[in-house]
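Chain residues, written in single-letter form:
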Amino acid sequence: MAWDVVIAGGGFGGLYAARTLEGILPHHSARITLVNDVNFMLYTPLLPGAAAGTLEPRHVVVPLREELEYTDLRLGRVTGAEPEKNSIQVELIEGRTTDIRYDQLIVALGSVSRTLPIPGLAEHAIGFKTLSEAIALRNRVLLTFEIAEALDDPAARQAYLTYVFVGAGYAGLEGLAELQDFAADVIDLYPRCRTQGMRWILVEKGDHVMPEIKQDLAEHAARELRGRGIEIRTGSTIDRVTDRDVEITMPDGTTELVACRTVAWTAGVKPHPVVANLGLPIGRGGRIEVDEFMQVKGFDDVWAIGDAAGVPDPARKGELCPPTCQHSLRQGRAVARNVAATMGTGRKKKFTYKTLGVFVDMGRRKAVAQTLFLRWRGFPAWWLARTYHLWMMPGVKRKWRLVADWTVDLLFNRDASELGQLGHPPTLETMQLEAQSSGGTTTDGDAAGLEQAAPTL
Ligand SMILES: Cc1cc2nc3c(=O)[nH]c(=O)nc-3n(C[C@H](O)[C@H](O)[C@H](O)COP(=O)(O)OP(=O)(O)OC[C@H]3O[C@@H](n4cnc5c(N)ncnc54)[C@H](O)[C@@H]3O)c2cc1C
């Protein structure tokens, strides 16, 4: 009888778990099913590159079907589970809801942006966690340039040219650095904006940026950003966001109202909310409670990994592993071996990985990096970061695409087209209404128009 192994979530943890299971389980001994809400894995460390236009959005994702040989990929959203009945509930992409039964379940549902109850934050700020958010930020920069260029009042223009990032972990710092670099590149195409100048502000509650790396490297990164004119406000918080401004409270308690149209929220992550509906024990930080084998406490047949799971950190006694892809993908490989061991192949082992290094790409061919024994800064760190991601990116074809994008970026200026309408085609009805209101007519026989209109579902 073949075992049913179900993996919920196809990001770093889920994809590597599926690939490892395919490699170690004897063929036909198990049916592996991977449930994910999209048909690709997002390679998040390269998200800032996509936001900055150095990388094509399609080149920072890994199509799951290309990477998996005989795993059954089911596109849908996990909505709940009944562990006592060994089943998970899934809302399939076509809208149908189904129960999927398992003998062994691996939960790898990742995380979402952690927001706070700050007035206006949810309505007006943009996160930096998904591909659509990264591309939306890039488009926002271009759109604000276009609007500011058309304005006569310098004060009104300044608000459009002010960008506030909240949270100075690696996602926030890299995101801001790469986007500012992109903006500095394309602003030459906007004479009024160039004359006026931009304002970029990084707000961080802690007393220094990048708590993930050694303080001297973090300070080096902060100095580099300040050298580019970026204002770094440590020990500060935001208290209110509107569509016109953001209120920042400084360490001494004074407040500043900054007129701006773009606020990016990059202040940490929390486990995906659905993990609370799975009937599993939830521990520190809302993460699923697991032991050092990544087995969920109280369940022999459920495992959890990645940002959604509280895996004990082998490098820091009493702490949980940090939410990073280097941990998630190694947990994916390790949990696959433990699941296989439960089914009679190999031996169960504890998770023992310790961080090998951290890279923070700051654009302009500069980075800071911390590897096992060495600290790197400037160009060597940037080169090391790119080499590492090239090595880690799955698939030869995608490695070549990265090389091609990076080479083009070295040779040419960045593209300033604002493609916010991509993927959101007008419906035929909207086009017809627009044609009527502008005095034109659209008839059923307008074949060329019909052929060009993208289909909507
Ligand atoms: C901008 C940014 C930069 C980063 N840079 C780095 C870096 O340089 N180095 C590093 O080590 N880490 C980095 N990280 C962190 C890293 O991305 C995460 O730690 C890692 O992706 C976690 O892996 P995971 O498998 O737990 O979750 P994910 O990789 O997020 O995978 C979760 C998967 O589950 C899917 N999913 C979610 N909900 C459902 C549902 N209900 N049903 C079905 N599927 C669902 C998601 O679509 C996703 O495919 C970065 C993160 C961000 C946001």
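Refer to the structure printed above.
An account of the accompanying structure is given in this report. Model, not experiment: these values are computed from the prediction.

## Quick word on the layout of surface pockets
Right, so step 1: For the second largest pocket, the calculated volume is near 710 Å³.
Right, so step 2: At the level of secondary structure, the elements contributing two or more residues to the lining of the second largest pocket comprise α5 (131-150) and α12 (396-411).
Right, so step 3: The greatest single-element share of the lining of the second largest pocket, amounting to six residues, is contributed by α5.
Right, so step 4: Class assignment of the residues belonging to the lining of the second largest pocket gives a composition of ten nonpolar, nine polar and six charged.

## Points about the environment of E94
Right, so step 1: Residue position: E94 is located in the loop between β6 (87-92) and β7 (97-101).
Right, so step 2: On the basis of relative accessible area, E94 is assigned to the exposed category, the value being 52%.
Right, so step 3: Each C-alpha atom of the pair E94 and L75 lies 8.9 Å from the other, and the pair is 19 residues apart in sequence.
Right, so step 4: Within polar-contact distance, the side chain of E94 engages the side chain of R96 at 3.0 Å.

## Some thoughts on the pattern of salt bridges
Note on pairing: side chains with opposite charge can pair once their charged atoms come close.
Right, so step 1: Enumeration over the complete set of coordinates arrives at 26 salt bridges.
Right, so step 2: The network of salt bridges with common partners includes R19, E66, E67, K397 and R398.

## Observations concerning the sheet that holds strand β17 (residues 262-265)
Right, so step 1: Judged by pairing direction, the sheet is parallel, and its five strands sit side by side in the order β10-β17-β11-β12-β13 without closing on themselves. Each edge of the sheet is formed by a strand with only one pairing partner; in this case those strands are β10 (126-127) and β13 (231-234).
Right, so step 2: Pairing of strand β11 (residues 162-166) with strand β12 (residues 199-204), which is carried by five bridges, proceeds in the parallel orientation. Residue pairing for β12: Y163 is matched across the bridge by W200.
Right, so step 3: The sheet contacts of helix α7 (residues 170-186) involve β11 and β12, and relative to β12 the element is tilted by about 180°.

The rules we used
- Counting starts from 1 at the beginning of each chain's written sequence and moves along it residue by residue.
- In keeping with the predicted nature of the model, local features appear solely for residues at pLDDT of at least 70, side-chain atom pairs appear and are counted solely at 80 or more, and the whole-chain, interface and lining totals rest on all residues.
- Note: side-chain values were computed over all heavy atoms of the structure, leaving out hydrogens and water.
- A 1.4 Å probe that fits into a set of points on a 1 Å grid over the protein atoms alone but cannot get out defines a cavity; an open set with protein on both sides within 12 Å along at least five of seven lines defines a pocket, and lining residues are those with an atom within 4 Å of a point.
- Grid points are joined across faces, edges and corners, and a volume is the space filled by probe spheres set on the points.
- Only DSSP runs of H or I with at least four residues qualify as helices, and only runs of E with at least two residues qualify as strands; both kinds are numbered from the N terminus onward.
- Only Asp, Glu, Lys and Arg are considered charged in this grouping, and only Ala, Val, Leu, Ile, Met, Phe, Trp, Tyr, Cys and Pro are considered nonpolar; every other residue, Gly among them, is considered polar.
- Exposure is judged per residue with a 1.4 Å probe applied to protein chains only, and the accessible area is read against the type maximum: over 50% gives exposed, under 20% gives buried, and values in between give partly exposed.
- Each polar contact in these results corresponds to two N or O atoms within 3.5 Å; when the atoms are within protein, one needs to be able to donate a hydrogen and the other to accept it, and residues that are neighboring in sequence are counted only if both atoms are side-chain atoms.
- The salt bridge criterion pairs a side-chain nitrogen of Lys or Arg with a carboxyl oxygen of Asp or Glu, the two atoms within 4 Å.
- Only strands joined by at least two bridges in the DSSP assignment are considered to pair.
- By definition, residues are in contact when any of their heavy atoms lie within 4.5 Å.
- Whenever a helix is involved, its axis is fitted only over the stretch in contact; in every case the axis is a line through C-alpha atoms, and angles between N-to-C directions fall within 0 to 180 degrees.

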